[in-house]
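# A structural walkthrough
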Amino acid sequence: MILKRNFNPLKVIHYVKSELLISTAASVGIWWLFENGIAQFSLPFSIAAILGSALAIFIAFRNNSAYGRWWEARKVWGGIVNSSRVLARLIITFTDSHAHQANYEKERSESFKKHLVYCCIAWVHALRIHLRNQETWSELKPFLSPEDYSQLVLSQNKPNFLQLLIGKKIYQAMANGTLGGFDSFQMEGQLLALANYQGSCERIKNTPLLRQYDFFTRLFLYVFIILLPFALIGDFSRMEMAGLMVPVSILISFVFSIQAKVGEVNEDPFENRITDVPLSSLCNSIEIDLKEMLGEGNLPKKLNQKDGYLY
Amino acid sequence: MILKRNFNPLKVIHYVKSELLISTAASVGIWWLFENGIAQFSLPFSIAAILGSALAIFIAFRNNSAYGRWWEARKVWGGIVNSSRVLARLIITFTDSHAHQANYEKERSESFKKHLVYCCIAWVHALRIHLRNQETWSELKPFLSPEDYSQLVLSQNKPNFLQLLIGKKIYQAMANGTLGGFDSFQMEGQLLALANYQGSCERIKNTPLLRQYDFFTRLFLYVFIILLPFALIGDFSRMEMAGLMVPVSILISFVFSIQAKVGEVNEDPFENRITDVPLSSLCNSIEIDLKEMLGEGNLPKKLNQKDGYLY
Amino acid sequence: MILKRNFNPLKVIHYVKSELLISTAASVGIWWLFENGIAQFSLPFSIAAILGSALAIFIAFRNNSAYGRWWEARKVWGGIVNSSRVLARLIITFTDSHAHQANYEKERSESFKKHLVYCCIAWVHALRIHLRNQETWSELKPFLSPEDYSQLVLSQNKPNFLQLLIGKKIYQAMANGTLGGFDSFQMEGQLLALANYQGSCERIKNTPLLRQYDFFTRLFLYVFIILLPFALIGDFSRMEMAGLMVPVSILISFVFSIQAKVGEVNEDPFENRITDVPLSSLCNSIEIDLKEMLGEGNLPKKLNQKDGYLY
Amino acid sequence: MILKRNFNPLKVIHYVKSELLISTAASVGIWWLFENGIAQFSLPFSIAAILGSALAIFIAFRNNSAYGRWWEARKVWGGIVNSSRVLARLIITFTDSHAHQANYEKERSESFKKHLVYCCIAWVHALRIHLRNQETWSELKPFLSPEDYSQLVLSQNKPNFLQLLIGKKIYQAMANGTLGGFDSFQMEGQLLALANYQGSCERIKNTPLLRQYDFFTRLFLYVFIILLPFALIGDFSRMEMAGLMVPVSILISFVFSIQAKVGEVNEDPFENRITDVPLSSLCNSIEIDLKEMLGEGNLPKKLNQKDGYLY
Amino acid sequence: MILKRNFNPLKVIHYVKSELLISTAASVGIWWLFENGIAQFSLPFSIAAILGSALAIFIAFRNNSAYGRWWEARKVWGGIVNSSRVLARLIITFTDSHAHQANYEKERSESFKKHLVYCCIAWVHALRIHLRNQETWSELKPFLSPEDYSQLVLSQNKPNFLQLLIGKKIYQAMANGTLGGFDSFQMEGQLLALANYQGSCERIKNTPLLRQYDFFTRLFLYVFIILLPFALIGDFSRMEMAGLMVPVSILISFVFSIQAKVGEVNEDPFENRITDVPLSSLCNSIEIDLKEMLGEGNLPKKLNQKDGYLY
């Protein structure tokens, strides 16, 4: 996620460099042909206007959809923050709530609390690594027992494996008296929420914005960029400033290209790019919150922005 | 679902070939009549502009609705992925949670787990076949007992029959002690979710986008394509390039036709076309996940895209 | 709901006949006055453009709202299909789940299942008749006991009466042991859903789209239709084709009138018109599904479209 | 809420009279100065077009938001209708469901049912009076015991007081055996829904549409109305019909003013105006439904529209 | 939140002063160069129109998103009002509902009710201080026991700490008999709601509107403002009123700048500015409602607007 307010102009131009090159080539070429009297084709400006508004409909649609995808992804991760905290709170308060009962064993309960909350932290990191198609599963080692970890690396869908693991541990605790009553019933609510959030992330990850919109936006953008100089050259040469057409044509092409690109970079929010939903930072913040709830002293350092970007 | 980023131009032209033919006929005809002085009708360009923007309102509305339908269908199937996994997790952890009880029979419980999870897989496949109006019910044979399968083929709404079957099996398990306590209560939550997802799919399948919007979009598109050459010929003949009107007119008609078609192919997401929500792939992925949760070794192969399409 | 893809042109013209008449009268009149030099008023075309875009805002707003109402109504009825099926499934599986208990009476349970599922079917039909302001309550006779039916006809809000009746029957069954445990608790969830769906239907039925939008859309449409010939006559007479103004003016008026009408017919989805949400067909389909779940053999015939319409 | 389809033109003009006065003064003044050659300022029409479209963005935004507020308010009250009915149904069926138990006292139960359902009716009326900032609390007297009423008039947030009262009465009934089991648990669901609906109403009531949008919409509207004659006078005087500019300018100002006003009157739906959500009618309808469910004979008369308005 | 209907023009101009300065400098400079014949560059007006509509797409998108963020924040705080009231009601009615039981101790129960409701008030104030990045934690002293307060100041995420504290106190009360049965189960529902609301606030606070939209809106606005005089000077000098171009250019720049700014100030609703969601007032109102529910006499004074602003 970009946090800085002003961008490096060179980077911006780099993003739309192929569009700018085409625009420059087309407008300079058409101007040269026109000035030298070789080919004096020109189009009425209304052609550019009608194509421009057709293009605008596509670009607006795509920007809205792309932003909608990004914001949904951010909301889902906001939900993961909430449900992780709530699940950790339930684990802690429910385990403690049996302290006055006959079969309460303090050590077993304390170890269960830490163990299960660590599994929740592991799930969050696993989902991040899974979504970004990374392979750094060893990050999860500190949060899992050696046996659980060795099973995890063999499974195909790691976050799903951890869900099943958390579920099993809850029912083992129900059986041995660490938990009791309706504790599992209430925890299931948060497990369900986390499972649904995982599914939403996978849906956004695996379903690109419909390619039709992407392809035709690009196609119509190039058509527009190439026709624009024809539509401008007439008016400008009548005003005896035909050369001015070139920068104006490039400027308008730049504006439309940026609009198209702005949507494109937001379409896929889990690609480990600077425009991502800041998964690393969110996972870090969940880890801090959950460890603090366990009463641990040695909390990880907060991840901050670097050069205006938050990963 | 289309995954490739660039399309075959011939296929694209094929999609809008009737619109292109009409446009070509109209613009060539009008140019010929004009050039030969037979009929020099022309319209002010503003007529095309006002009709073009009225058409744009319809096209934008239809594209938004069509995309909304497609995306809702995709979300519903995302929900089916989640709820299937959660239901499978509940079946497994709940059955195992009674392992320490007196009336636990390992063999009965293991067979119940596999049997019921297979019913869930069968439901998913059945919904796919049902939505695509196919008749390949024999695909479900490996997941059902012979008696269940023979009853299934007699029922009218197969996914609904399987829901009822799953429900009955849960209460049989409650009765014989395989399950107990509030297990059925919690499983009902996921059965309910799956029933609602089925209903949403059937709603999208059975209710086409309102025909009024479809019919008048097509009608106004044809009116626009036929009037466009009249609106262009005046300006172009004044600029002494009347012949240029023909390609420009075809180009603008192409852009508007594509915009109208892009919406049309997304309207109905369950038709076994390349623009479908990828039901086969989603069912395959649910089958893999659920079988892995059961601890099975021999998982089916992952369905991948073919030639840039995912079915 | 209209299912056919192409409309009868005469019917279409009939829908906007008053707008077409006004447009014809205005444009022919203005052309005649202009041609005969009696009154040569004309307006710049930009006046029509600015009024046209103001009108377009209203029409677009109204079309979106009207479609939103129709689609919400369809979603609600989709929900009714789901909840009816789920409630029927619960009635059947819950009643059967007590088969192994001491106080189980097969005959009482079987009759309860049929009786209560029939009440659900009656509720669905009652809601349809209620929403369409019809009085054909005798359709419900086959689904209710004579006493229940005679009470029903006396009540003001019939679907609400049936809800109360279903609720009472569930608690009677809880009391006599046909049901038990948390059965009623879970059934309440579906009764609540059905009550909320009924409320949503009544809201859409009783609250027309705000009249302000309707009135001013019509007013501005007429103003636009009458001013349009004035705005066109200037350009056309300069191009020496003043007569051509008449069909062009009528054509543009037709396009805007259709856009306004398309929204209007979707505003109210429960009026027993061809553009309705197909309540009869949905009720018929619920009746078939529920009777099949009861294991009945003699299912009603599926309602199909007639002449391209589904009621 | 307005139910009649056609409005009194005088009332409509009255709503936008200040805008029409300013428009008339500006256009007549500018025309007079122009005709008499005192000041012949004019602007290109494109200035009006660019300001008009900037204004249109604001007006469209405001109309959408205002309608969204109105429709949300209507939905919330639709929810209040549903939840009131469901809560009444639960009160009645739950109380009756204990009829076969040892500690059942028919008189106590019947009086409890009536008493509690009347409290629900009182809550609905109280919310209406609260939202409209009225002081007619004596309307609630028939629904409350004298002690409850005397406490009510002392409380600050009357609907909130009634919620607490209903909650307390439910637990008293749980304690004395009128209710039992999970009755209170299920009733809480509807109490919660009603509390949330109250909160939504208060949010809409207490948070006006952001004043920035209101102020600048009005400001830009006045700017547009004053500049419009300057932008029209040039074209009209060139066509030698300078006088015609005055009615055309007023007409366009009228259209834009109406569009702005239509949003304004829908912004605040709880002000006891003709454009309100019809709270009186909704409360009346809830009262009838709930009394009918209690089996009362003497139902209040249905509130109907008066002169095309429903309050 | 701004409550007054009319704004101070000086303050308004102050908000867009840099845009106005640039516009003034550009238009005066271009006019001076043009009039003195030094440089007579001019652009066709259509260039401004096409850039203006591209800019409008960005501004409209940003205004919609910014308003969406503000309104979501307001809705979340509306939800906090509701859930706080409901939780307080549950605390009070549940504690009282055990009054007829053997182990009821009036003093313990009364003190528990006040203590826990005060914790809820503390949570609300803590969330406000947390969101506004303030450090006035001593405001919470009156609502917490000295030990709780001393722990609170050491924690990193104070509202989250208070959630955990409330959870723990509920289970202590379950253990000692102040609460019982399913009381904690139902209270968890409201704790969960509050946790989710906190998460939503943190999401809005920590995720600015995507910087891409902000940066390019500003960039394109400046480009538009600078090019506008070039696009106007041609038409105005042809009408021999070149000087009039300066105020018109500034006016149009003002309108577009205001539209861009109006969105900007609503983007971040928790910054202790006059355009904030009125957190102080909402917290004050929750405090009054909850203390009144406890039956306290000495209620805090209602926070009212000051100079037309509500904080």
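Residues numbered from 1 in each chain as written. Chains lettered and ligands numbered in written order. Predicted model: local features only at pLDDT ≥ 70, side-chain atom pairs only at ≥ 80, totals over all residues. Heavy atoms only, no water.

Selection criterion: UniProt positions are given in the numbering used here, feature names are shortened, and annotations may be inferred rather than shown by experiment.
Chain A goes by Bestrophin family ion channel in an unreviewed UniProt entry, where it is assigned to Algoriphagus taiwanensis. Its UniProt record gives chain A the following Subcellular location (unreviewed entry) comment, quoted word for word: "Cell membrane". According to the UniProt record, the Sequence similarities (unreviewed entry) comment for chain A reads "Belongs to the anion channel-forming bestrophin (TC 1.A.46) family."

## A word on the overall build of chain A
Which entries qualify depends on this criterion: Per the convention used, a helix needs a DSSP run of H or I reaching at least four residues, while a strand needs a run of E reaching at least two, with both numbered from the N terminus. Buried means the residue's accessible area, taken with a 1.4 Å probe over protein chains only, is under 20% of the maximum for its type, while exposed means over 50%, and partly exposed covers the values in between. Contacts are residue-level and defined by heavy atoms, with any inter-residue pair within 4.5 Å sufficient.
The helix and strand tally for chain A stands at ten helices and zero strands. Listed by position from the N terminus, the elements making up chain A come as α-α-α-α-α-α-α-α-α-α. In terms of overall dimensions, chain A has C-alpha extents of about 100 × 35 × 30 Å along its principal axes. With 311 residues in all, chain A has 63% of them scored as buried. Long-range contacts, defined here as pairs at least 24 residues apart, represent 76% of the contacts in chain A between residues at least 6 apart.

## Examining the interface of chain B and chain C
Definition in use: Summed over both partners, the accessible area (1.4 Å probe) lost when two parts come together is defined as the buried area. By salt bridge we mean one thing: a side-chain nitrogen of Lys or Arg within 4 Å of a carboxyl oxygen of Asp or Glu. Contacts described as polar in this section are N or O atom pairs within 3.5 Å, which, within protein, must combine one atom able to donate a hydrogen with one able to accept it, while residues neighboring in sequence count only if both atoms come from side chains. Here the term charged refers only to Asp, Glu, Lys and Arg, the term nonpolar to Ala, Val, Leu, Ile, Met, Phe, Trp, Tyr, Cys and Pro, and the term polar to all other amino acids, Gly among them.
Opposite the 54 residues of chain B that make contact, chain C presents 58 residues. Carbon and sulfur atoms make up 68% of the area that chain B and chain C hide from each other, which totals about 5,100 Å². The largest per-residue losses of area from chain B upon contact with chain C belong to B:Ile50, B:Arg203 and B:Arg211, which jointly make up 12% of the total buried on that side. Put simply, chain B and chain C have three salt bridges between them. Linking chain B to chain C there are twelve residue pairs in polar contact (both at pLDDT 80 or more). Going through the elements one at a time, helix H3 (45–97), helix H6 (158–176), helix H7 (183–206) and helix H8 (211–238) of chain B are the ones with two or more residues in the side of chain B that touches chain C. Counting residues per element, the side of chain B that touches chain C draws most heavily on H7(B), which supplies twelve residues. Class assignment of the residues belonging to the side of chain B that touches chain C gives a composition of 28 nonpolar, 17 polar and nine charged.

## Examining the relation of the copies chain D and chain E
To be explicit about the condition: The copies were overlaid with a least-squares fit restricted to C-alpha atoms from residues scoring a pLDDT of at least 70 in each copy.
Its rotation angle being 72°, the transformation that places chain D on chain E also includes 0.0 Å of axial translation and leaves an RMSD of 0.0 Å. With respect to symmetry, the two chain copies, as superposed, fit the operation of a five-fold axis. Of the residues that chain D buries at the interface, just 4% are likewise interface residues in chain E, meaning the two copies contact each other through different surfaces.

## Describing the side chain of E:Gln198
Following the sequence through the fold, E:Gln198 ends up in helix H7 (residues 183–206). Overall, E:Gln198 belongs to the buried group, its relative accessible area being 1%. Setting aside its immediate chain neighbours within four residues, E:Gln198 contacts A:Arg85, E:Trp123, E:Leu127, E:Asn157, E:Pro159, E:Asn160 and E:Gln163.

## Observations concerning the relation of the copies chain B and chain C
Of the transformation superimposing chain B on chain C, the axial component is 0.0 Å and the angular component is 72°, with the fit at an RMSD of 0.0 Å. A distinct binding surface is used by each copy, with only 4% of the interface residues of chain B retained as interface residues in chain C.

## Section: the nonpolar core
Side chains that are nonpolar tend, in soluble globular proteins, to be buried together. We apply this condition: Think of a nonpolar core as a cluster: buried Ala, Val, Leu, Ile, Met, Phe, Trp, Tyr and Cys residues, connected wherever their side-chain atoms sit within 4.5 Å.
If you look at the biggest cluster of nonpolar residues, it comprises 535 residues, and the most contacted ones within it are A:Trp77, B:Trp77, C:Trp77, D:Trp77 and E:Trp77. Excluding its chain neighbours within four sequence positions, the residues that come into contact with E:Trp77 are E:Val124, E:Leu127, E:Arg128, E:Leu131, E:Cys201, E:Phe270, E:Leu279, E:Leu282 and E:Cys283.

## Concerning helix H4 (residues 106–131) of chain A
The test is simple: How far a helix is expected to stretch is found by multiplying one less than its residue total by 1.5 Å.
With 26 residues, H4(A) should reach 38 Å at 1.5 Å per residue; the first-to-last C-alpha distance of 38 Å fits that figure. Where H4(A) ends, the next residue or the one after it, A:Asn133, has phi of about 55°, a positive value.

## So, the pattern of salt bridges
Residue and element names in this part refer to chain A. Within this structure, the stated rule accounts for 105 salt bridges over all chains. With a shortest N-O distance of 3.2 Å, Glu110 and Lys113 are connected by a salt bridge. Here Lys113 and Glu110 lie together in helix H4, a separation of three residues that amounts to about one turn. With relative accessibility at 8%, the residue Lys113 sits in the buried group.

## Brief notes about a nonpolar patch on the surface
Residues and elements named next belong to chain A. Put simply, the rule reads: The patches described consist of residues with a relative accessible area above 30% and no salt bridge, like charges being joined within 9 Å and nonpolar side chains (Val, Leu, Ile, Met, Phe, Trp, Tyr) within 5 Å. Surface accessibility follows the Shrake-Rupley procedure with a 1.4 Å probe radius. Residue values consider only the protein chains on display as shielding.
Nonpolar side chains collect at one region of the surface, where Trp32, Leu33 and Ile38 lie side by side and expose about 300 Å² of accessible area between them. One can find Ile38 in the loop between helix H2 (17–35) and helix H3 (45–97). We classify Ile38 as exposed; its relative accessible area is 53%.

## Observations regarding helix H3 (residues 45–97) of chain E
Across its 53 residues, H3(E) extends 76 Å between first and last C-alpha, which sits within 8% of the 78 Å expected from 1.5 Å per residue. Buried residues dominate H3(E), accounting for 45 of its 53 residues.

## Quick notes on the side chain of D:Ser253
Residue and element names in this part refer to chain D. By the secondary structure assignment, Ser253 is in helix H9 (residues 245–267). At 3.1 Å, the side chain of Ser253 forms a polar contact with the side chain of Ser23. When near neighbours in sequence (up to four residues on either side) are disregarded, Ser253 contacts Ser23, Ile225 and Leu228.

## A few points about the interface of chain D and chain E
Contact residues are listed per partner, giving 54 residues for chain D and 58 residues for chain E. For the chain D face of the interface with chain E, the top three residues by lost area are D:Ile50, D:Arg203 and D:Arg211, together amounting to 12%. Our count for the contact surface shared by chain D and chain E stands at three salt bridges. We note a salt bridge from E:Arg85 to D:Glu202, for which the minimum N-O separation is 2.6 Å. Inspection of the region where chain D meets chain E yields twelve residue pairs in polar contact (both at pLDDT 80 or more). The element contributing the most residues to the side of chain D that touches chain E is helix H7 (residues 183–206) of chain D, with twelve residues. A breakdown of the residues in the side of chain D that touches chain E according to their chemical character gives 28 nonpolar, 17 polar and nine charged.

## A word on the layout of surface pockets
Applicable threshold: Residues are called lining when one of their atoms sits within 4 Å of a cavity or pocket point, these points coming from a 1 Å grid over the protein atoms alone, where a cavity is a set in which a 1.4 Å probe fits but cannot get out and a pocket is an open set with protein on both sides within 12 Å along at least five of seven lines. Grid points are joined across faces, edges and corners, and a volume is the space filled by probe spheres set on the points.
Considered as a void within the structure, the second largest pocket measures approximately 1,600 Å³ in volume. A:Phe185, B:Phe185, C:Phe185, D:Phe185 and E:Phe185 are, among the 49 residues lining the second largest pocket, the residues nearest its centre. A per-class count over the lining of the second largest pocket returns 27 nonpolar, 15 polar and seven charged.

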